[in-house]
Amino acid sequence: MSSSNLFSGATSAILAALADVSVTVHSQTPGIGDQTLPAIRKNPEFEIDYVPNSQKDIAVLLLFVQIGGLAHPPMRGDTATISGVDYDIFNVSPNRKDGATLKLRVRTQRYDH
(Lines give C-alpha, C1' and ligand atoms only; values in the text may rest on other atoms or scores of the structure.)
Protein backbone atom coordinates (compact mmCIF):
# COMPACT_ATOMS: atom_id res chain seq x y z
CA MET A 1 0.00 0.00 0.00
CA SER A 2 1.45 3.37 -0.99
CA SER A 3 1.74 6.17 1.55
CA SER A 4 -0.65 8.22 -0.59
CA ASN A 5 -3.38 5.60 -0.11
CA LEU A 6 -2.53 5.21 3.55
CA PHE A 7 -2.94 8.91 4.31
CA SER A 8 -5.89 9.64 2.00
CA GLY A 9 -8.40 9.04 4.80
CA ALA A 10 -6.30 10.47 7.62
CA THR A 11 -8.08 13.83 7.84
CA SER A 12 -11.52 12.18 8.05
CA ALA A 13 -10.32 9.70 10.68
CA ILE A 14 -8.67 12.39 12.81
CA LEU A 15 -11.74 14.62 12.71
CA ALA A 16 -14.08 11.71 13.48
CA ALA A 17 -12.04 10.88 16.57
CA LEU A 18 -11.04 14.33 17.84
CA ALA A 19 -13.50 16.99 16.60
CA ASP A 20 -14.52 19.08 19.58
CA VAL A 21 -16.59 21.84 17.94
CA SER A 22 -18.84 22.46 14.93
CA VAL A 23 -18.30 25.57 12.84
CA THR A 24 -20.88 27.02 10.46
CA VAL A 25 -19.19 28.86 7.58
CA HIS A 26 -21.16 31.66 5.91
CA SER A 27 -19.75 32.23 2.44
CA GLN A 28 -19.56 35.73 0.98
CA THR A 29 -19.93 34.21 -2.50
CA PRO A 30 -23.49 34.65 -3.84
CA GLY A 31 -25.42 31.41 -4.20
CA ILE A 32 -23.30 29.43 -1.74
CA GLY A 33 -25.24 28.31 1.33
CA ASP A 34 -23.98 27.87 4.87
CA GLN A 35 -21.79 24.83 5.53
CA THR A 36 -21.43 23.22 8.97
CA LEU A 37 -18.15 21.38 9.50
CA PRO A 38 -16.66 19.40 12.38
CA ALA A 39 -13.46 21.01 13.62
CA ILE A 40 -10.60 20.61 16.07
CA ARG A 41 -9.63 23.69 18.08
CA LYS A 42 -5.90 24.44 18.06
CA ASN A 43 -4.01 26.60 20.55
CA PRO A 44 -3.47 30.23 19.49
CA GLU A 45 -0.07 30.83 17.93
CA PHE A 46 0.92 33.90 19.91
CA GLU A 47 0.34 35.18 23.42
CA ILE A 48 -1.12 38.36 21.93
CA ASP A 49 -3.98 36.24 20.58
CA TYR A 50 -5.26 35.84 24.15
CA VAL A 51 -7.38 38.84 25.13
CA PRO A 52 -8.71 39.04 28.72
CA ASN A 53 -12.51 39.18 28.99
CA SER A 54 -13.11 38.26 25.35
CA GLN A 55 -14.91 35.05 24.39
CA LYS A 56 -13.13 32.55 26.65
CA ASP A 57 -10.17 35.00 26.66
CA ILE A 58 -9.29 34.18 23.04
CA ALA A 59 -9.61 36.74 20.25
CA VAL A 60 -8.03 34.54 17.56
CA LEU A 61 -9.21 30.98 17.08
CA LEU A 62 -7.43 28.33 15.01
CA LEU A 63 -9.49 25.42 13.68
CA PHE A 64 -8.51 22.32 11.74
CA VAL A 65 -11.23 21.34 9.26
CA GLN A 66 -11.66 19.06 6.25
CA ILE A 67 -12.11 21.00 3.00
CA GLY A 68 -11.67 18.17 0.51
CA GLY A 69 -14.93 17.37 -1.20
CA LEU A 70 -16.56 20.72 -0.40
CA ALA A 71 -18.10 22.47 -3.40
CA HIS A 72 -16.86 25.79 -2.02
CA PRO A 73 -14.14 25.64 0.68
CA PRO A 74 -13.96 28.45 3.26
CA MET A 75 -12.10 31.54 2.05
CA ARG A 76 -10.63 34.69 3.53
CA GLY A 77 -13.49 37.16 3.98
CA ASP A 78 -16.09 34.54 4.85
CA THR A 79 -17.59 34.56 8.33
CA ALA A 80 -18.19 31.70 10.74
CA THR A 81 -20.35 30.99 13.78
CA ILE A 82 -19.33 28.74 16.66
CA SER A 83 -21.67 28.30 19.64
CA GLY A 84 -23.46 31.55 18.83
CA VAL A 85 -20.24 33.62 18.53
CA ASP A 86 -19.46 35.23 15.17
CA TYR A 87 -15.95 35.25 13.69
CA ASP A 88 -14.25 36.63 10.58
CA ILE A 89 -12.13 34.14 8.62
CA PHE A 90 -8.93 36.01 7.88
CA ASN A 91 -6.62 33.19 6.85
CA VAL A 92 -7.04 29.71 5.35
CA SER A 93 -3.96 27.46 5.26
CA PRO A 94 -4.63 24.23 3.35
CA ASN A 95 -2.46 21.19 4.01
CA ARG A 96 -1.18 18.74 1.39
CA LYS A 97 -4.29 16.59 1.41
CA ASP A 98 -7.84 17.70 2.16
CA GLY A 99 -7.52 19.54 5.46
CA ALA A 100 -6.96 23.18 6.33
CA THR A 101 -6.36 25.45 9.30
CA LEU A 102 -8.80 28.34 9.53
CA LYS A 103 -7.68 31.42 11.43
CA LEU A 104 -10.66 33.26 12.87
CA ARG A 105 -10.99 36.55 14.74
CA VAL A 106 -13.93 37.39 17.00
CA ARG A 107 -16.07 39.93 15.14
CA THR A 108 -16.30 42.24 18.15
CA GLN A 109 -12.51 42.60 18.32
CA ARG A 110 -10.82 45.50 16.54
CA TYR A 111 -8.72 44.40 13.60
CA ASP A 112 -6.11 46.78 12.21
CA HIS A 113 -4.28 45.89 9.00
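Up top you'll find the structure we're talking about.
We now turn to the structure provided with this report.

**Things to note about the packing of aromatic side chains**
Aromatic ring pairs are defined here through the distance separating the ring centres and the angle between the ring planes.
(1) Moving on: Scanning the entire structure with this criterion turns up 0 aromatic pairs.
(2) Moving on: The residue whose ring lies beneath R105 is F90, and the NZ or CZ to ring-centre distance is 4.5 Å.

**Focus on the side chain of T79**
(1) Moving on: Inspection of the secondary structure puts T79 in strand 4 (residues 79-82).
(2) Moving on: Leave out the neighbours within four places in its chain, and T79 touches T24, V25, H26, Q28, Y87, D88, I89 and R107.

**Describing the side chain of Q35**
(1) Moving on: On the secondary structure map, Q35 appears in strand 2 (residues 35-42).
(2) Moving on: Judged by its relative accessible area of 16%, Q35 is buried.
(3) Moving on: At a separation of 2.8 Å, a polar atom in the side chain of Q35 contacts the main-chain carbonyl oxygen of H72.
(4) Moving on: Not counting the four nearest positions on each side in its chain, Q35 is found in contact with V23, T24, V25, L70 and H72.

**So, the pattern of salt bridges**
(1) Moving on: In this structure the tally under the stated criterion is 2 salt bridges.
(2) Moving on: In this structure, R41 engages D20 in a salt bridge whose closest nitrogen and oxygen atoms are separated by 3.4 Å. A residue pair is termed long-range when its members are at least 10 positions apart, and R41 in strand 2 and D20 in the loop between helix 2 (10-18) and strand 1 (21-26) qualify at 21 residues.
(3) Moving on: For R41, a relative accessible area of 39% corresponds to the partly exposed category.
(4) Moving on: The salt bridge partner of R107 is D88, with a shortest N-O separation of 2.9 Å. Remark: D88 occurs in strand 5 (residues 85-94) and R107 occurs in the segment after strand 6 (99-106); sequence separation between them is 19 residues.
(5) Moving on: Judged by its relative accessible area of 48%, R107 falls in the partly exposed class.

**Observations regarding the nonpolar core**
(1) Moving on: Within the largest apolar cluster, 18 residues are counted, with the highest numbers of intra-cluster contacts made by V23, L63, V65, I82, Y87 and L104.
(2) Moving on: Every element with two or more residues in this core is listed here: strand 1, strand 2, strand 3 (60-66), strand 4, strand 5 and strand 6.
(3) Moving on: The element best represented in this core is strand 6, accounting for 4 residues.
(4) Moving on: Those residues in contact with I82 that sit more than four places away from it in its chain are V21, S22, V23, L61, L63, Y87 and L104.

**So, the sheet that holds strand 6**
(1) Moving on: The strand order 1-2-3-6-5-4 describes a closed barrel built from 6 strands, whose pairing is antiparallel. Taking the axes of each pair of neighbouring strands and ignoring which way they run, one obtains an average angle of 45° across the sheet.
(2) Moving on: Sheet topology places strand 1 next to strand 4; 3 bridges connect them, and they run antiparallel. Of the residues in strand 4, the one forming a bridge with T24 is T81.
(3) Moving on: Docked against the sheet, helix 2 engages strand 2, strand 3 and strand 6, running at close to 125° with respect to strand 3.

Rules of the game
The written sequence of each chain sets the order in which its residues are numbered from 1. In view of the model being predicted, local features appear only for residues whose pLDDT reaches at least 70, and side-chain atom pairs are presented and counted only at 80 or more, with totals across whole chains, interfaces and linings using the full set of residues. Excluding hydrogens and water, the side-chain values take into account all heavy atoms of the structure. Any two rings among Phe, Tyr and Trp, with Trp reduced to its six-membered ring, count as a pair given centres within 6.5 Å; such a pair is stacked if its planes are under 30 degrees apart, edge-to-face if over 60, and tilted if neither. In this analysis the charged atom, NZ for Lys or CZ for Arg, is taken to sit over a ring once it is within 6 Å of the ring centre and within 35 degrees of the ring normal. By definition, any uninterrupted DSSP run of H or I lasting at least four residues is a helix, any uninterrupted run of E lasting at least two residues is a strand, and each is numbered from the N terminus. Note on contacts: a residue pair qualifies if any of its non-hydrogen atoms lie within 4.5 Å across the two residues. Remark: exposure states derive from per-residue accessible area (1.4 Å probe, protein chains only) relative to the maximum for the residue type, with buried under 20%, exposed over 50%, and partly exposed in between. As used in this structure description, the phrase polar contact means that two N or O atoms lie within 3.5 Å; if the pair is within protein, one of them must be able to donate a hydrogen and the other to accept it, and residues adjacent in sequence are counted only when both atoms belong to side chains. When a carboxyl oxygen of Asp or Glu lies within 4 Å of a side-chain nitrogen of Lys or Arg, that pair is called a salt bridge. Throughout, nonpolar core names a set of buried Ala, Val, Leu, Ile, Met, Phe, Trp, Tyr and Cys residues whose side chains join them through atoms within 4.5 Å. Between any two strands, at least two bridges found by DSSP are needed for them to pair. Here the axes come from fitting lines to C-alpha atoms, over the contacting stretch only for helices, and the angles between their N-to-C directions go from 0 to 180 degrees.

Just geometry here; none of it tells us what the structure is for.
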